Each structure stands twice: as C-alpha cells, then as structure tokens.
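Take a look at the letters that make up each chain.
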Amino acid sequence: FAFSFIIPCPVRPQYLIMWNRTFSEAATYDFLAIEDASKDKVMDVLFVLKNTEGSKNTTCADAGLPTPCLFVVAVDGTDGETLWERPLNPEFHWAQCGLDKETSRTWDCLLSHSDQLTAIDKHTGDIRWQQPQLPGLHSTVPVLSVPDLDGDKVNDVALVASDKTQTQLVFLSGKTGVQIGSTVVVDSSETANHLLHRTTEGSHYVLLQKDTGLYGLALWRIAAMAKAGMEAGLKRDKHWEKNASATTGLVPVYESDSMRQVLRTGETNDPPNLLIVTGKEVALVNGKSLQLLWRFNISSVLSEPSFGHFNKDGILDIVIEEDVGNNTKRIIILDGLSGGLLWEVHLLASPNSPRPASVHTTNSYSIFVFWGMVPSQTNSSPVTDRRSYMLHPLYSKVLLESTSSMEHIVTFEATLLEGGRHAAFITLTGPGTEGAEGTVVLSKRKLKQDVPDSNVLRIGTGGSSETNKDIKEAFNRLRFSD
C-alpha cells in the first residue's frame with residue numbers, strides 16, 4: 001500500500017497595497033509604535049487619538065471619562081482595520097511601547113497622561129495596571145527597562161524627570177506600577193536626555209546628557225540610594241568604575257560644552273556603541289571601552305541621525321542632515337567603521353520634513369528615504385513643497401523622487417510589516433499644532449508602490465549609465481530583510 005500525506009501550506013496574510021484611516025474632528029500626537037498586536041507575525045500600528053468617540057462606537061462618556069478623551073488605538077498592518085481601542089483620561093504626555101521584550105512583564109506600552117501612568121497589553125488593549133503620577137515628577141521618555149529589583153521575578157522600570165534645578169529617577173514595579181524605594185536625585189542640574197547602557201560585564205549605567213557632556217551613573221549606586229540593600233543583585237563594572245567621580249559617582253563618557261544628542265548604534269552589538277552629536281561634531285564612542293572611535297566635524301545638525309547600511313561591511317552607517325543656510329540642507333552618509341564621508345546630496349529644506357529613514361534588504365545594504373526638494377536653477381523663492389526621495393546604494397548617482405502630496409506629517413516610519421518582506425511607509429498626518437483638532441489620517445503605502453510613477457533624478461557628476469527603466473527595475477527587484 002502507498003500512503004500519501006497532504007501537508008497544507010500555512011495561510012499567509014493578505015495585504016492591501018495601501019490603506020488609509022481618516023478621523024475627523026480629532027487630534028493626534030508624535031507617537032507611532034510598530035508591534036505585532038494580533039499575533040499573526042505581521043506588524044501592526046499603535047497610535048494615540050483625542051476624540052469624542054472611537055471607531056468601534058466606544059464613547060468617552062461610556063468609559064466614564066471627560067469628552068473628548070484619549071484613545072490608544074491598534075490597527076491591523078494588513079488592512080488598517082481597528083484591532084482594539086482603549087479610552088483614557090486626557091491630556092497626553094508621552095507613550096512608549098516595546099517594553100515587554102525578555103522581561104516577564106504582561107504589558108508592552110506605558111502611557112503618561114492626565115495625572116496617571118497606564119500600562120497596556122498590546123494584544124488586547126487591556127489595562128494591566130494604572131497608578132497616579134508621582135507629585136512634582138514630570139518624567140520624559142525613554143522609559144528605562146531595568147532588572148528585577150523587588151524580587152517578584154518581573155523586570156522593573158525607571159522613570160527620569162529633570163527640571164532646572166535637578167534630575168530625579170524613580171523605580172516602579174514592572175508588575176504593579178507601585179514605586180520601589182524612594183525618589184533619587186541623580187544629578188544636581190538639568191539633563192536634556194537619558195539612556196540606559198549595559199556594559200560587557202552586565203552592569204547597567206544611566207547615561208545623562210548634561211550641558212558639560214555625557215556621563216554615566218551606575219544603576220547599583222542609584223538602587224542603593226533608593227533603598228538600602230536593593231543593589232545586592234546588580235552587577236558592577238570595574239573598568240567603568242575606575243573613572244567614576246569620588247563625590248558624585250559620575251563616569252565621564254564624552255565631555256563637551258555643546259552636547260546635543262546621544263544615540264545607540266543599533267541593538268545588535270553587546271554593548272552597542274554610542275553616537276554623540278554636539279554643536280561642533282559627530283563622534284562615535286566605543287560602548288565597551290569608552291574610547292573615541294572617530295570624529296567628524298559638522299556644526300548644525302538638523303534632526304536626529306538615523307542608521308542604515310550603505311556598504312556591505314555589516315556595520316551600520318550614519319545618516320545626518322546638516323543645515324547649510326539659505327533654506328538648504330546637506331544630507332550625508334558617514335561610514336560607521338571609520339567616520340569617513342560615503343555619500344552626500346543638497347536638498348532644499350522643506351518645512352515639516354520627517355528625518356531620514358531606511359529599510360534593510362537581503363543584499364546587505366539598505367534603501368534610504370529622505371524628504372525635501374531637489375533645488376532647481378529657477379527656484380529662489382521660499383520652499384513650501386515637500387517630496388520624498390529613495391536612494392539605492394548601488395545606484396548612488398540617482399534619486400527616485402515621489403511627488404505624492406501629503407498634509408502636515410505628524411510622524412513617519414519606514415518599516416517591514418513582516419519578517420523579510422513587505423516594506424512599507426506608515427504616515428500619520430494631522431493639524432500643524434500637536435494636539436490641535438482637525439482631520440487625522442493614518443496611512444500605509446507599500447514602499448514599491450510609488451516606483452512606477454516616480455521621477456528618476458541624476459545627481460552629482462559622472463552619472464549612472466543605466467536607463468530610467470533599469471533604475472526602476474532595480475527598485476522593483478528588491479527583497480527586504482530584518
């Protein structure tokens with residue numbers, strides 16, 4: 001006898017090439033999270049609206065809230081349909097998702113709104129815990145995900161708040177949101193930004209961006225100040241600690257009197273290197289040894305730098321927008337290994353342009369996305385229009401220009417909606433003032449959708465020999481990777 005078995009192929013999600021969700025008489029905020037909320041292995045979109053009612057006929061009044069109220073909304077990445085919505089008290093302060101990874105926490109998103117902190121399950125929209133804001137503590141993102149400090153086998157979180165007189169940190173239980181220990185003054189001055197850095201030894205440092213530079217303060221020191229003995233389970237790093245101040249405990253990472261930004265160069269390195277932006281330069285610091293790897297002189301960085309692979313050395317390269325005056329910006333790509341200049345272009349600095357973005361391909365390089373306007377010889381008037389441009393590193397003398405018009409962009413993401421496939425642009429548009437009422441539109445467009453109607457622009461000298469058709473075909477053949 002012969003037996004045959006039929007093994008059905010897994011059903012793959014069916015995508016709409018594009019979708020739009022329009023909300024009238026609503027307000028929105030500079031927040032987008034790309035998460036798999038529906039557990040179908042396709043990324044979905046979370047954002048925050050202020051409205052009188054949700055799309056599922058949920059009203060603020062039904063939830064016992066003032067009208068209008070906030071709605072945290074999750075929409076399906078495949079078709080834009082609402083997965084869930086959660087009404088909350090206004091006003092909105094900040095939100096952060098992605099907080100469930102490797103933590104044993106049952107929630108993913110933390111929102112600061114009204115006088116409350118609310119932890120939400122990204123899959124259902126259920127509130128896992130809600131706590132009152134701590135009096136006088138106006139915290140800012142990022143939320144710091146720290147090890148389990150209270151012994152309940154769930155990783156905890158830390159919030160940092162800074163005013164003109166001091167910077168404070170508070171630990172909250174990841175399980176219940178209740179404060180652990182007392183509030184700690186981590187610095188006696190204002191800090192502009194903060195990050196959590198994990199060293200090779202497994203020791204955590206809170207990095208504080210001060211007006212004199214970037215400094216690290218060991219998490220074990222902060223935990224000991226919050227509650228005696230709470231530092232017992234936290235690791236220490238002898239290499240970092242030998243540079244700590246005897247009085248403050250601060251470890252100098254990069255000293256500068258014009259600090260602007262600090263970012264991690266990806267999450268794959270252990271530990272990741274640190275990109276420092278000052279008023280004079282961009283510098284890369286080794287996240288393990290704190291040694292300066294390279295420095296590039298640049299004065300007026302416009303937006304937060306972004307990362308992508310321009311070459312195939314496997315190291316993230318850095319995209320920077322520089323204000324060069326006369327309504328013009330220079331976009332440069334720096335080699336992540338050496339800091340050398342790999343590519344540049346000048347664009348007119350259109351108002352309301354998102355920062356550069358990139359999507360990784362299976363060929364080890366990225367496709368880069370910029371916003372602005374290619375200058376024309378006849379155009380000397382102020383720039384009011386805005387275009388998006390795609391750069392293919394193998395055709396670096398060419399830009400693909402999309403002329404699709406858009407309203408005021410509140411926030412924008414270029415992302416993969418599914419592992420290894422379906423690169424898309426997610427755009428949230430709305431009124432020019434954040435939180436103001438008007439028409440809000442959330443839209444998804446497949447990255448390749450605009451290729452047929454795009455203009456092929458030759459830039460620089462010694463242009464590409466390929467025809468416009470060849471260039472567009474190269475974009476259409478792209479396959480994407482995480």
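Details of the structure are given in the entry above.
None of these values were measured; they are calculated from a predicted model.

Student: Help me understand the pattern of salt bridges in this model?
Tutor: Across all of its chains, the model carries 17 salt bridges by this definition. A salt bridge links arginine 221 to glutamate 241; the nearest nitrogen and oxygen atoms lie 2.6 Å apart. Separated by 20 residues along the polypeptide, arginine 221 in helix 1 (residues 219-226) and glutamate 241 in helix 2 (residues 238-241) bring together distant segments of the chain. When its relative accessible area of 25% is taken as the criterion, arginine 221 is described as partly exposed. Put simply, arginine 445 and aspartate 450 hold a salt bridge, and the shortest N to O gap is 2.4 Å. Just as arginine 445 is buried, aspartate 450 falls in that class too. When salt bridges with common partners are traced through the structure, they connect Glu35, Asp100, Lys101, Asp108 and Lys122 into a single cluster.

Student: In this structure, what is going on with the sheet that holds strand 18 (residues 259-264)? I would like to understand it.
Tutor: Across a sheet, strands are paired by hydrogen bonds formed along the backbone, either parallel or antiparallel in direction. Pairing is antiparallel in the open sheet, where 4 strands are placed in the order 18-19-20-21. A strand with exactly one partner marks an edge of an open sheet, and here the two such strands are strand 18 and strand 21 (292-297). Within this sheet the neighbouring strands show an average axis-to-axis angle of 15°, counted without direction. The pairing of strand 18 with strand 19 (residues 274-278) spans 5 bridges and is classified as antiparallel. Note that in strand 19 the partner of glutamine 261 across the bridge is valine 277.

Student: Looking at this model, I keep getting lost on the state of the cysteines. Mind explaining?
Tutor: Covalently bonding the sulfur atom of one cysteine to the sulfur atom of another cysteine gives a disulfide. Taken as a whole and judged by the stated rule, the model has 2 disulfides. Disulfide pairing places cysteine 60 opposite cysteine 69 at an S-S distance of 2.1 Å. Across the disulfide from cysteine 60 to cysteine 69, rotation about the S-S bond amounts to roughly -85°, and the bridge is consequently left-handed. With relative accessibility at 0%, the residue cysteine 69 sits in the buried group. Covalently, cysteine 97 is tied to cysteine 109 through a disulfide, its sulfur atoms 2.0 Å apart. Across the S-S bond of cysteine 97 and cysteine 109 the torsion is about 110°, and the bridge reads as right-handed. Of the two residues, cysteine 97 is situated in the loop between strand 6 (92-96) and strand 7 (109-113) and cysteine 109 in strand 7; the sequence distance between them amounts to 12 residues. Judged by its relative accessible area of 3%, cysteine 109 falls in the buried class. Sequence-ordered numbering of the bonded cysteines in the protein gives a pairing of 1-2, 3-4.

Thresholds applied
- Counting restarts for each chain: residues are numbered from 1 in the order of the written sequence.
- Selection of residues for local features in this predicted model requires a pLDDT of at least 70, selection of side-chain atom pairs for listing and counting requires 80 or more, and totals for whole chains, interfaces and linings are taken over all residues.
- Side-chain descriptors were evaluated using all non-hydrogen atoms of the structure, hydrogens and water having been removed beforehand.
- For this document, the term salt bridge refers to a Lys or Arg side-chain nitrogen within 4 Å of an Asp or Glu carboxyl oxygen.
- Think of it this way: any DSSP run of H or I at least four residues long counts as a helix, any run of E at least two long counts as a strand, and we number them from the N terminus.
- Three exposure classes are used, based on accessible area relative to the maximum for each residue type with a 1.4 Å probe and protein chains only: buried under 20%, partly exposed in between, and exposed over 50%.
- Paired strands, in this sense, are two strands between which DSSP finds at least two bridges.
- Every axis in this analysis is a line fitted to C-alpha atoms, fitted for helices over the stretch in contact. Angles between the N-to-C directions lie between 0 and 180 degrees.
- Only a pair of cysteine sulfur atoms within 2.5 Å counts as a disulfide in this structure description.

Keep in mind that these numbers describe shape and distance, not what the molecule does.
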